Amino acid sequence: MATNSERETWTDVDWDAESTTFDDEPDHGLRDPAVREAWAARLRGWLPRGPSDVLDLGCGTGSLSLLASEQRHRVTGVDLSPRMVDLARAKLAGRDAVFLVGDAAAPPVGEQRFDVVLVRHVLWALPDPERALRNWRGLLRPGGRLVLIEGLWRTVGPVGPVGISADRLTALLTPLMRDVRVERLSEEALLWGREVEDERYAVVGEV
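Overview of the structure.

Reading the values: rules and limits
Residues numbered from 1 in each chain as written. Predicted model: local features only at pLDDT ≥ 70, side-chain atom pairs only at ≥ 80, totals over all residues. Heavy atoms only, no water. Buried < 20%, exposed > 50% of the residue type's maximum accessible area, 1.4 Å probe, protein only. Helix = DSSP H or I, 4+ residues; strand = E, 2+ residues; numbered from the N terminus. Pairing = 2+ DSSP bridges. Polar contact = N/O pair within 3.5 Å; in protein donor to acceptor, adjacent residues only side chain to side chain. Contact = heavy atoms within 4.5 Å. Right-handed = clockwise from strand over helix to strand, strands pointing away. Phe/Tyr/Trp six-rings, centres within 6.5 Å; stacked < 30°, edge-to-face > 60°. Lys NZ or Arg CZ within 6 Å of the ring centre and 35° of its normal.

**Describing the pairing of strand 8 (residues 199-206)**
No. 1: Summarising burial for strand 8: seven of the eight residues are buried, a large majority.
No. 2: By the bridge criterion, eight bridges tie strand 5 (residues 140-153) to strand 8 in an arrangement that is antiparallel. Its bridge partner lying in strand 8, Glu 150 is registered against Tyr 201.
No. 3: As judged from the six bridges shared by strand 7 (residues 179-184) and strand 8, these two strands associate in the antiparallel manner. Across the sheet, residue Arg 181 finds its bridge partner in strand 8, namely Val 204.

Quick look at the structure:
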């Protein structure tokens, strides 16, 4: 689990500035058709079969939002970076999607509720993961689903691994959800555009 100093380093990033190259990472921009299809296939397994309301938190430039929209889901995306939100709006122009600038931990969606809350690589960096999970649980309709894509990543230098382990995340989520399962993603090189040795996974919880 990340320390406070590691989280501060993450939150100090100028994400507006990073937005110009954010999609250059294979798993961010999904520009490679094989990487894109790998994520699309995963979403088909995580999201309901019929059209549903999906809340994509920490949506970045909207790559996963676009895949969800292409699968006929109605998408609301939230990101703290106005520039990321601008790019997401452009990427999904003309689709049934809304993007808001706001804090993923407490998204500005009012009384709206969702069938799925989708969060990729956000929870580990938040100052109070337990509170965020409770907030996200409260945004789900009965029968809703929380999909968390996280990891414990190796870094170069003195900081060491950052992220949150699957065991830790499962322990936090289990008291809140009726059913929780872990899907290991480290060996699926197509998702990342390369071979990886870090712990990468998805945790899916259902109300």
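**Side note on the side chain of Thr 61**
No. 1: Looking at the secondary structure, you find Thr 61 in the loop between strand 1 (53-57) and helix 5 (63-70).
No. 2: Side chain to side chain, Thr 61 and Asp 23 meet in a polar contact 2.6 Å long.
No. 3: Of note is the side chain of Thr 61, whose polar atom sits 3.0 Å from the side chain of Lys 91.
No. 4: Leave out the neighbours within four places in its chain, and Thr 61 touches Phe 22, Asp 23, Met 84, Leu 87, Ala 88 and Lys 91.

**Regarding the pairing of strand 5**
No. 1: In terms of residue burial, strand 5 counts as a mostly covered element, since ten of its 14 residues are buried.
No. 2: In terms of strand pairing, strand 4 (residues 114-120) meets strand 5 through six bridges, oriented parallel. Residue Val 117 lies in a different strand from strand 5, and its bridge partner there is Leu 146.
No. 3: Traced from strand 4 through helix 7 (residues 129-138) to strand 5, the parallel crossover comes out right-handed.
No. 4: Note: strand 5 against strand 6 (residues 162-163), two bridges, orientation antiparallel.

**Description of the packing of aromatic side chains**
No. 1: Under the definition given, this model contains three aromatic pairs.
No. 2: With a centroid separation of 6.4 Å and an interplanar angle of 80°, the aromatic rings of Trp 15 and Phe 22 are classed as edge-to-face.
No. 3: Note on Trp 15: relative accessible area 25%, which makes it partly exposed.
No. 4: Ring geometry for Trp 39 and Trp 192: centres 5.4 Å apart, planes at 85°, overall edge-to-face. On the criterion of sequence distance, the pair formed by Trp 39 in helix 4 (residues 33-46) and Trp 192 in helix 9 (residues 189-192) is long-range, its members being 153 residues apart.
No. 5: Residue Trp 39 is classed as buried on the basis of its relative accessible area of 0%.
No. 6: Here the guanidinium or amino end of Arg 120 rests over the ring plane of Trp 39, the centre of that ring lying 4.7 Å away.
No. 7: If you follow Arg 200 out to its NZ or CZ, it ends over the ring of Trp 192, 4.7 Å from the centre.

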